[in-house]
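Here is how the chains run, residue by residue.
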Amino acid sequence: ASGRVRLISGNWKMNLNHLEAIALVQKLYHLLRPEDFRYAEVGIHPPFTALRSLQLTFEADRMPFTLGAQNCSDEAAGAYTGEVSAPMLAKLGVGYVIVGHSERRRLFHETSELVARKALAVQQAGMHPIVCIGESAQERAAGMTQEVLTAQLSPVLESYPVGAIDGVVIAYEPVWAIGAGEAADPDAVGEITRAIRAFVSERLGEAVGARIRIQYGGSVNVGNARAFMTLDDVDGLLVGGASLDPDAFALLIKSA
Ligand code: PEP
């Protein structure tokens, strides 16, 4: 009813070489039927080293997955040894780039300002950023969840071109639920995602708020996917661990 296209994204993190990646998507594809892709767009975010192989595999076998990346540079080109730019990803047929995953914020010291610049680089290259936001266990215990989320989101909302902002996907991922085996409570996620949408509406207007997509992420599995997907303000899922098992991920997509 919302008119927003649902998006289920598998974040493989630093797992699977390019040969294992091809084997996984082939298995996953054979477990899915065309109608499973009509319910939601399915994004696969492998490591950079598998992007070209998956691009060719999707093309060759006409697999309707969308290719995704897990990170990119905020710079378009130049002397940045070890970095991969957004235009390079776009050239590989990437549609979505995760920016600001909590692992990158925590382990690689990415600030919300850098994340906003990466989101902009993704947009300028013609792709969609999946902007991850989420509070830590301590921040949650201190009652700071809403403050943390708005502080993480504000630099994106302030710098992103207004006309393109509904191309942004916000992934609400409570840090304490990522890889924890236990997801957040769906009622609490319902409340928080409603507040995130209200914040976007307050900053950028009701129309933008109504169109922007919000995913939930954090220990999503076959058993709980549906409970999150039926929430009014949740338009998709960002799935880590369960996306590495083709049987589990296929069932998750079907159950959602
Ligand atoms: C993630 O990596 O974004 C994630 C949510 O991981 P998991 O599903 O394993 O908790």
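These figures come from a predicted structure and were not determined experimentally. (Residues numbered from 1 in each chain as written. Predicted model: local features only at pLDDT ≥ 70, side-chain atom pairs only at ≥ 80, totals over all residues.)

**Comments concerning the overall build of the protein chain**
Consideration 1: A count of helical and extended segments in the protein chain gives 12 helices and 8 strands.
Consideration 2: For 256 residues, the compact-globule formula gives about 18 Å, and the C-alpha radius of gyration of the protein chain, at 17 Å, lands near that figure.
Consideration 3: Here the C-alpha coordinates of the protein chain stretch approximately 45 × 45 × 35 Å along the principal axes.
Consideration 4: Relative to its full complement of 256 residues, the protein chain shows a buried share of 42%.
Consideration 5: Here the analysis covers contacts within the protein chain between residues at least 6 apart in sequence; of these, 73% occur between residues at least 24 apart. (Helix = DSSP H or I, 4+ residues; strand = E, 2+ residues; numbered from the N terminus. Rg over C-alpha atoms; globule rule 2.2 N^0.38 Å. Buried ≥ 20, exposed ≤ 12 C-beta atoms within 10 Å, placed from the backbone. Contact = placed C-beta atoms within 7 Å.)

**Topic: the confidence of the model for the protein chain**
Consideration 1: For the protein chain, per-residue confidence averages 97 on the pLDDT scale, and residues scoring 70 or more make up 100% of the total.
Consideration 2: Scored as a complex, the prediction yields pTM 0.98 and ipTM 0.97. (pLDDT = per-residue confidence, 0-100.)

**What about the packing of helix α1 (residues 18–31) against helix α3 (residues 51–60)?**
Consideration 1: One way to put it is that α1 packs onto α3 with a least axis distance of 9 Å and a crossing angle of 30 degrees. Relative to α3, the element α1 lies roughly parallel. Between α1 and α3 the crossing geometry is right-handed. From α1, His 18, Ala 21, Ile 22 and Val 25 reach across to α3, where they touch Ser 53, Leu 54 and Thr 57.
Consideration 2: Taken together, the residues of the contact of α1 with α3 sort by class into 4 nonpolar, 3 polar and no charged. (Axes fitted to C-alpha atoms, helices over the stretch in contact; angles between N-to-C directions. Parallel < 35°, antiparallel > 145°, perpendicular 65-115°, else oblique. Left-handed = near helix turned anticlockwise from the far one by under 90°. Nonpolar A, V, L, I, M, F, W, Y, C, P; charged D, E, K, R; others polar.)

**Some details on the site of the ligand**
Consideration 1: The ligand sits among 14 residues. The nearest are Ile 178, Gly 217, Ser 219, Gly 240 and Gly 241.
Consideration 2: Looking at the shell around the ligand, its residues break down into 5 nonpolar, 7 polar and 2 charged. (Near = placed C-beta within 6 Å.)

**Thoughts on the environment of Ala 77**
Consideration 1: With respect to the secondary-structure elements, Ala 77 resides in the loop between β3 (66–69) and α4 (86–91).
Consideration 2: Residue Ala 77 is classed as exposed on the basis of its C-beta count, with 11 C-beta atoms lying within 10 Å.
Consideration 3: Spatially, the C-alpha atom of Ala 77 lies 8.5 Å from that of Pro 87, the residues being 10 residues apart in sequence.

**Describing the sheet that holds β3**
Strands in a sheet are paired, the pairing made by backbone hydrogen bonds, and the direction either parallel or antiparallel.
Consideration 1: Spatial strand order, β1-β2-β3-β4-β5-β6-β7-β8: 8 strands in a closed barrel with parallel pairing. Taking the axes of each pair of neighbouring strands and ignoring which way they run, one obtains an average angle of 25 degrees across the sheet.
Consideration 2: For strand β2 (residues 41–45) and β3, the ladder comprises 2 bridges, and the chain directions are parallel. When the sheet's bridge partners are listed, Ile 44 is paired in β3 with Leu 67.
Consideration 3: Relative to the sheet, helix α6 (residues 112–124) contacts β4 (94–99) and β5 (128–133), its axis offset from that of β5 by approximately 160 degrees. (Pairing = 2+ DSSP bridges.)

**Let's talk about unusual backbone geometry**
Consideration 1: Although it is not a glycine, His 109 sits at a positive phi angle of roughly 55 degrees.
Consideration 2: Here Ser 219, not a glycine, exhibits a phi torsion of approximately 55 degrees, which is positive.
Consideration 3: Among the residues examined, Ser 219 registers 20 C-beta atoms within 10 Å and is labelled buried.

**Here we look at the UniProt feature "binding site: substrate" (unreviewed entry) in the protein chain**
Consideration 1: Under the feature "binding site: substrate" (unreviewed entry), the UniProt entry names Asn 11, Trp 12, Lys 13, Gly 179, Ser 219, Gly 240 and Gly 241. Considering the C-alpha atoms alone, the annotated residues occupy 231 residues of sequence yet fold into one spot, their largest mutual distance being 13.9 Å.
Consideration 2: Mapped onto the secondary structure, Lys 13 falls in the loop between β1 (7–11) and α1.
Consideration 3: Among the secondary structure elements, Gly 179 is positioned in the loop between β6 (169–172) and α9 (186–204).
Consideration 4: What Gly 179 contacts, discounting residues up to four positions off in sequence, is Gly 240 and Gly 241. (UniProt positions renumbered as here; feature names shortened; annotations may be inferred.)

**Here we look at α1**
Consideration 1: The end-to-end C-alpha distance of α1, which contains 14 residues, comes to 20 Å, matching closely the 20 Å that a straight helix rising 1.5 Å per residue would cover.
Consideration 2: Along α1, the positions that sit buried rather than exposed are Ala 21, Leu 24, Val 25 and Leu 28. The buried residues of α1 occupy one face: seen down the axis, they fall within an arc of 95 degrees. Looking at α1, the residues exposed on the side facing more than 90 degrees away from the buried face are Leu 19 and His 30.
Consideration 3: Packing partners of the buried residues in α1 comprise β2, α3 and α12 (246–255). (Expected span 1.5 Å × (residues − 1). Arc of directions from axis to C-beta.)

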